[in-house]
Amino acid sequence: MEYQELVEKDFNHLWHPFTQMSDFTSRPPLIIEGGKGIYLIDTQGNRYIDGVSSLWVNLHGHRRPEIDQAIMAQLGRIAHSTMLGMANVPAILLAEKLVQVTPPNLTRVFFSDNGSTAMEIALKMAYQYWTNRGIGGRTRFVSLKNAYHGDTLGAVSVGGIDLFHSVYRPLLFPAYHAPSPYCYRCSLEKSYPACALACLEELEKIVESHRNEIIAIVSESAVQGAAGMIVMPQGYMRGLREIADRYGVPLILDEVAMGFGRTGKMWAFEHEKAWPDIMAISKGITNGYLPLAATITTEEIYSSFLGDYTKTFYHGHSYTGNPLACAAALANLEIFEKDRTLENLPPKIRLLSQWLDRFAELEHVGNVRQKGLVAGIELVKDKGTKEPYPREESVGFQVIYKAREKGVAIRPLGDVMVVMPPLVISLEELDRLLEVMYECVKVVTEG
Ligand SMILES: *Cc1c(COP(=O)(O)O)cnc(C)c1O
């Protein structure tokens, strides 16, 4: 079909997520038709480096033969059968595999189909863990300002990004929101490390003063992703674990974005050995092939649900444990071993870090943040005062439209430029991606 015809149909019928449609329909959209490795290919045959891994899901490149094959083999057996009260082969094998690659205290896997539902499940599971043991009054989560856990209303309730969440406030359940560990714009006006993690102390004060009311502590792992790749300072994650232990409440960690090797380790909480009691995973789980997510928990939490029907976890989705998705995930995990994905990351992480030093010298780069192969480059109008650009200027979008002309597909978070390539990216390709981003930031912000 002709590009123009597709554009017309898109503009007539589609509603794109997280997108102001009045803007979207004001310029010719990028329409992707194919992909190979780390490249996206549009309907006119132009190639783009997939600089944000198709919104953080792709790890090993597009059209991986191993995953294609695994899905085709499963298609020859069955595409879907329910997990309610019965089982299927790939879901069983994947659950075993996930337990093997997660910390030893996590032994039980509950499947769903996206990151928001994985978090929704984590929240309900933690709440019912208390009620199943006959302990009442536990009705509040402690989460963080700037948190993002997905778009369903429970996940939004523990979210803390005003731009996305404040309009829904009247519909949400109340939660306590501790300060964000956002060192560049510290809400406590302190600086790390002299602050001795004062933001963590604030969180502890909340837990202490509501100790019989708290269901769980909820946080992303290591990086507050959607808020602009806010990298938590050293010691913060460890501190969360210690507070959870001190007050005997579960720690729910959201690994949806940072899991599956993004930060240089399989799980981002490994950097500080901050083992969660419940973890949520999704994005990288099938290399972007099919929707799948999992909430993984301890035997202790799981066993509180055993007994009579009142303790049952009345939660599930029609596509829970979908066999095609589970088969894709199994093949995806095997690639980590075959490609030695994690072992190959350190030189890429170093190259990114060298480039970030260069970015940091630019006139309108206020802050650069990195965790493994993930980075955020925060553009500001005035570096001295940290004054942001006016929102109407959409500086981040100006940069990505420029990058598109040079064969790079990226998506900013406000004025934070995001670097999040597939882990399989080569050093040469990563260098090219960063060179294009650097040029585009320079041209847009310095003219
Ligand atoms: C993307 C994301 C989610 C939501 O996942 P969806 O699959 O988009 O619903 C939850 N938590 C974090 C940290 C995320 O980055």
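Residue positions are given per chain, counting from 1 as you read along its sequence in written order. The predicted nature of this model means local features are confined to residues of pLDDT at least 70 and side-chain atom pairs, given and counted, to a pLDDT of 80 or more, with totals for whole chains, interfaces and linings taken over all residues. Each side-chain value is derived from all of the structure's non-hydrogen atoms; neither hydrogens nor water enter the calculation.

Caption draft 1: Spotlight on the overall build of the protein chain. Helix and strand definitions follow DSSP, with helices as H or I runs of at least four residues and strands as E runs of at least two, each counted in order from the N terminus. Along the protein chain, the regular secondary structure elements total 15 helices and 16 strands. Radius of gyration here is computed from C-alpha atoms only, and the compact-globule reference equals 2.2 Å multiplied by the residue count raised to the power 0.38. Relative to a compact globule of 447 residues, whose C-alpha radius of gyration would be 22 Å, the protein chain shows 22 Å and is just as compact. Its C-alpha atoms give the protein chain principal-axis dimensions of roughly 65 × 60 × 45 Å. Remark: exposure states derive from per-residue accessible area (1.4 Å probe, protein chains only) relative to the maximum for the residue type, with buried under 20%, exposed over 50%, and partly exposed in between. Burial status across the protein chain gives 52% buried among its 447 residues. Between two residues, a contact is recorded if the distance between any of their heavy atoms is within 4.5 Å. Look at the contacts in the protein chain between residues 6 or more apart in sequence, and 70% of them connect residues 24 or more apart. When the accessible surface of the protein chain is totalled, it reaches about 19900 Å², and 54% of it is carbon and sulfur. In the protein chain, which carries 44 positive and 52 negative side-chain charges, the distance between the mean positions of the two groups comes to 3 Å. The protein chains shown are the only cover counted for residues, whose accessible areas, like all others here, come from Shrake-Rupley with a 1.4 Å probe. Just so you know, the count uses Lys and Arg for positive and Asp and Glu for negative, and it drops His and the chain ends. Each charge is placed at NZ for Lys, CZ for Arg, CG for Asp and CD for Glu.

Caption draft 2: Here's a closer look at the packing of helix α4 (residues 65-75) against helix α12 (residues 323-338). The geometry of α4 relative to α12 is characterised by a closest axis approach of 8 Å and an angle of 150° between their N-to-C directions. When the interaxial angle is binned, α4 and α12 end up roughly antiparallel. Handedness of the crossing formed by α4 with α12: right-handed. Contact with α4, carried on its side by E66, I67, A70, I71, Q74 and L75, involves P323, L324, A327, A328, A331, N332, I335 and K338 of α12 and no other residues of that element. Each residue gets one label: Ala, Val, Leu, Ile, Met, Phe, Trp, Tyr, Cys and Pro are nonpolar, Asp, Glu, Lys and Arg are charged, and the others, such as Gly, are polar. For the contact of α4 with α12, the residue count by class is 10 nonpolar, two polar and two charged. Axis definition: a line fitted to C-alpha atoms, over the contacting stretch in the case of helices. Angles run 0 to 180 degrees between N-to-C directions. Throughout, the term roughly parallel applies to angles under 35 degrees, roughly antiparallel to angles over 145, roughly perpendicular to angles from 65 to 115, and oblique to all others. Crossing handedness: left-handed means the near helix sits turned counterclockwise from the far one by under a right angle, and right-handed means the same turn made clockwise.

Caption draft 3: Broad picture of the packing of helix α5 (residues 89-101) against α12. Packing of α5 against α12 leaves a shortest axis separation of 8 Å and a crossing angle of 35°. Considering only the axes of α5 and α12, their crossing is left-handed. Contacts between α5 and α12 pair P90, A91, L93, L94, K97 and L98 from the former with P323, C326, A327, A329, L330, L333 and E337 from the latter. Split into classes, the residues belonging to the contact of α5 with α12 amount to 11 nonpolar, no polar and two charged.

Caption draft 4: Representation of the domain arrangement of the protein chain in the model. An automatic or database domain assignment supplies the residue ranges for each domain. The domains assigned to the protein chain are domain 1 (31-59 + 342-446) and domain 2 (68-339). Relative to domain 2, the C-alpha centre of domain 1 lies at a distance of 27 Å. Between domain 1 and domain 2, the contact holds 33 residues from the first and 29 residues from the second. Each partner contributes to the roughly 2600 Å² buried at the junction of domain 1 and domain 2, and carbon and sulfur atoms together form 60% of this total. Area buried by domain 1 at its contact with domain 2 is led by W56, L59 and K371, which between them contribute 27% of it. One speaks of a salt bridge when a side-chain nitrogen belonging to Lys or Arg is within 4 Å of a carboxyl oxygen belonging to Asp or Glu. In this assembly, domain 1 and domain 2 are joined by one salt bridge. With a shortest N-O distance of 2.8 Å, R185 and E378 are connected by a salt bridge. Buried surface area refers to the total accessible area, computed with a probe of radius 1.4 Å, that the two partners give up upon joining, counted for both partners together.

Caption draft 5: Representation of the site of the ligand in the model. Here a residue counts as near a molecule or strand whenever at least one of its heavy atoms sits within 4 Å of it. The local shell around the ligand consists of W56, N114, G115, S116, Y148, H149, G150, E220, D254, V256, A257 and K283. K283 is positioned with one of its side-chain polar atoms (N or O) 2.6 Å from an oxygen atom of the ligand. Considered on its own, the ligand offers 380 Å² of accessible surface; in the complex 83% of this is hidden by protein. Whenever two N or O atoms come within 3.5 Å, that pair is a polar contact, provided that in protein one can donate a hydrogen and the other can accept it, and provided that, for residues adjacent in sequence, both atoms are side-chain atoms.

Caption draft 6: The arrangement of helix α15 (residues 427-446) in detail. Expected helix span is given by 1.5 Å per residue-to-residue step, counting one fewer step than there are residues. The end-to-end C-alpha distance of α15, which contains 20 residues, comes to 28 Å, matching closely the 28 Å that a straight helix rising 1.5 Å per residue would cover. Taken residue by residue, α15 has L430, L433, L434, V436, M437, Y438, C440, V441 and T445 as its buried positions. One or two positions beyond α15, positive phi appears at G447, with a value near 80°.

Caption draft 7: The arrangement of the environment of G61 in detail. When you line up the elements, G61 lands in the loop between α3 (53-56) and α4. Between the alpha carbons of G61 and V424 there is a distance of 6.4 Å; along the sequence they are 363 residues apart. Setting aside chain neighbours within four positions, we find G61 in contact with G37, N287, P422 and V424.

Caption draft 8: Expanded view of the sheet that holds strand β13 (residues 365-371). The rule for pairing is simple: two strands pair if DSSP sees at least two bridges between them. Ordered by their spatial adjacency, three strands build an open sheet running β13-β14-β16, and the pairing between neighbours is antiparallel. The sheet terminates laterally at β13 and β16 (416-419), the two strands that pair on one side only. Adjacent strand axes in the sheet meet at a mean angle of 15°, parallel and antiparallel pairs treated alike. With respect to the sheet, helix α13 (residues 345-360) is in contact with β13, β14 (374-379) and β16, its orientation differing from that of β13 by roughly 170°.

Caption draft 9: Inspection of the side chain of E220 at higher detail. As for its placement among the helices and strands, E220 is situated in strand β7 (residues 214-220). With no salt bridge to any partner, buried E220 finds its closest opposite charge in K283, at an N-O distance of 7.8 Å. A polar contact is formed between the side chain of E220 and the backbone nitrogen of Y148, at a distance of 2.9 Å. For E220, the side chain forms a polar contact with the main-chain nitrogen of G225, separated by 2.9 Å. When near neighbours in sequence (up to four residues on either side) are disregarded, E220 contacts N146, A147, Y148, H149, G225, A226, M232, M237, L253 and D254.

Caption draft 10: Representation of the pairing of β14 within the structure. When you tally the buried positions in β14, you get six out of six residues, the bulk of the element. Burial of β14 is two-sided: the residues V374, G376 and E378 facing one way and the residues A375, I377 and L379 facing the other way are all buried. Linking β13 back to β14 in an antiparallel pair, the connection comprises two residues, with G372 at a positive phi of about 65°. For β14 and β16, the ladder comprises four bridges, and the chain directions are antiparallel. The residue bridging I377 from the neighbouring strand is M417, located in β16.

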